[in-house]
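Tertiary structure, described
So you can see what is in the structure, the chains are spelled out below.
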Amino acid sequence: MSKSKPSPGTKPAVEMAGWIDTVGGLVAKTPGFWQWLAKVESSSHRDALDGIAIDRPIYVTGLARCGSTILLELLESHADTGSHRYRDFPLVMAPVFWNRAFANIYKDSTPVERSHKDRILVTPDSPEALEEILWMRFFEGRHQTGRNQILNGESANAAFENFYRDHIRKILMIRGAKRYLAKGNYNITRLAYLTRLFPDARIIVPVRNPEAHIASLQKQHRLFCKEEKEDPRILRHMQRVGHFEFGLDRRPLNLGDTAKASKIEGLWRDGQDIEGLAHHWASIYGFVRDQLDADPSLAANVMLVRYEDLCRNGETTLKQILDHAQLEIADEQIRQ
């Protein structure tokens, strides 16, 4: 693929910079102001934004630790795609202003292992899942266990939808891209809503063997609990960007069954992590299966990808993914 990637360095993983916690906290405490600034930003770039088409946006979604980050990086390396990047935080709401005014605030571009300690190296220009900040602003309380978190084809939020379309256009403008690409674990609850907004959306859902998947989730949970206890800034950051999959503020998804979500939450609270994770895995992917079985038009937009196929037969699987995403690429580029 045509985008260049930085060469891995030897610099060890670093803790979150203090300014990110400080500025991120300021943004989190004053969301109304930044939403207003985003509207000003949209108005000042109205002609340019109106000239940008949202063509077949690509979404990667699934339960955390399913291989979605690998897929995001592979797809983002295509010349046509544009995604959020680490450098877009903390002012995700107004990305044009932030990127143009503070483009050089992230000065060190040496690849380092991300905080998950899973050997994935990142820089400020690596793609990252930051969309959830927008969803949390316009759909308050969506991560509460006692609340149904599903957004379906009948869901509507005009303020969000107008804001979101402009936001996507801004990312495309900043990145000089043709196709919007987003990774968001919680978009698994919004498949029908996303396809109502964008009938030509291409959605990719990685599915991992449950035993390996649960083991990976538990490993991350222990890691982040330890790190968040030692450095509360990490917990605050996870809450601000909308990552509740593991760590001290782990929360199950409520997929229309509050009793089931509460059961999972109770299992975790009682130290029965593995059983709780197994129920959570089955709940999420059972929900996906039922949706696709019930809605052939939605199923046409969604591709299920086995994580194990991507690892063992990468070239063939990646070609199938690119075909579904409708991204053109030469076979020799895939082999690279």
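Here, the structure is the one placed above.
Overview of the structure. No experiment lies behind these values; they were computed from the predicted model shown.

This next bit is on the overall build of the protein chain. Scanning the protein chain from terminus to terminus reveals 16 helices and 7 strands. Of the contacts formed within the protein chain by residues at least 6 apart in sequence, a portion of 77% connects residues at least 24 apart. Accessible surface, the protein chain as shown: approximately 15,300 Å² in total, 51% of it carbon and sulfur.

With that out of the way, let us pick up the packing of helix α11 (residues 258–269) against helix α12 (residues 273–294). The geometry of a pair of packed helices is captured by two quantities: the angle between their axes and the separation between those axes. Axis separation between α11 and α12 bottoms out at 7 Å; the angle between their running directions is 155°. Between α11 and α12, the angle is such that the two are roughly antiparallel. Regarding α11 and α12, the two cross each other, and that crossing is left-handed. For the pair α11 and α12, contact is made by K260, K263, I264, L267 and W268 and by D273, E275, G276, L277, H279, H280 and S283, respectively. Here the contact of α11 with α12 is composed, by residue class, of 4 nonpolar, 4 polar and 4 charged.

What follows concerns the sheet that holds strand β7 (residues 302–306). Picture the strands of a sheet paired through backbone hydrogen bonds; they go either parallel or antiparallel. The parallel open sheet is built from 5 strands, whose spatial order is β2-β5-β1-β6-β7. Of all the strands in the sheet, just β2 (81–82) and β7 have a single pairing partner and so form its edges. As paired strands, strand β6 (residues 202–207) and β7 are joined by 5 bridges and run parallel to one another. For V207, the partnering residue across the bridge sits in β7 and is R306. Against the sheet, helix α7 (residues 158–175) contacts β1 (58–60), β2 and β5 (179–183), and its axis sits at roughly 110° relative to β5.

With that settled, the discussion passes to the pairing of β5. Here β5 lies mainly inside the structure; 5 of its 5 residues are buried. Covered by surrounding structure in β5 are R179, L181 and K183 together with Y180 and A182, the residues of both alternating faces. Two strands pair when backbone bridges link them, and β2 and β5 are joined in this way by 2 bridges, in the parallel orientation. Residue pairing in the sheet places T81 in a bridge with R179 of β5.

Once that is clear, we can look at the nonpolar core. Within the largest apolar cluster, 67 residues are counted, with the highest numbers of intra-cluster contacts made by Y59 and Y164. The biggest single contributor to this core is α12, with 7 residues. Y164 has contacts with Y59, E131, L134, W135, Y180, L194, L197 and F198, leaving out every residue within four places of it along the chain. Among the nonpolar cores identified, the runner-up in size contains 15 residues, and I58, L71, M303 and L310 belong to it.

Calculation rules
Residues numbered from 1 in each chain as written. Predicted model: local features only at pLDDT ≥ 70, side-chain atom pairs only at ≥ 80, totals over all residues. Heavy atoms only, no water. Helix = DSSP H or I, 4+ residues; strand = E, 2+ residues; numbered from the N terminus. Contact = heavy atoms within 4.5 Å. Areas by Shrake-Rupley, 256 points an atom, 1.4 Å probe, with all protein chains shown as cover. Axes fitted to C-alpha atoms, helices over the stretch in contact; angles between N-to-C directions. Parallel < 35°, antiparallel > 145°, perpendicular 65-115°, else oblique. Left-handed = near helix turned anticlockwise from the far one by under 90°. Nonpolar A, V, L, I, M, F, W, Y, C, P; charged D, E, K, R; others polar. Pairing = 2+ DSSP bridges. Buried < 20%, exposed > 50% of the residue type's maximum accessible area, 1.4 Å probe, protein only. Core = buried A, V, L, I, M, F, W, Y, C linked by side-chain atoms within 4.5 Å.

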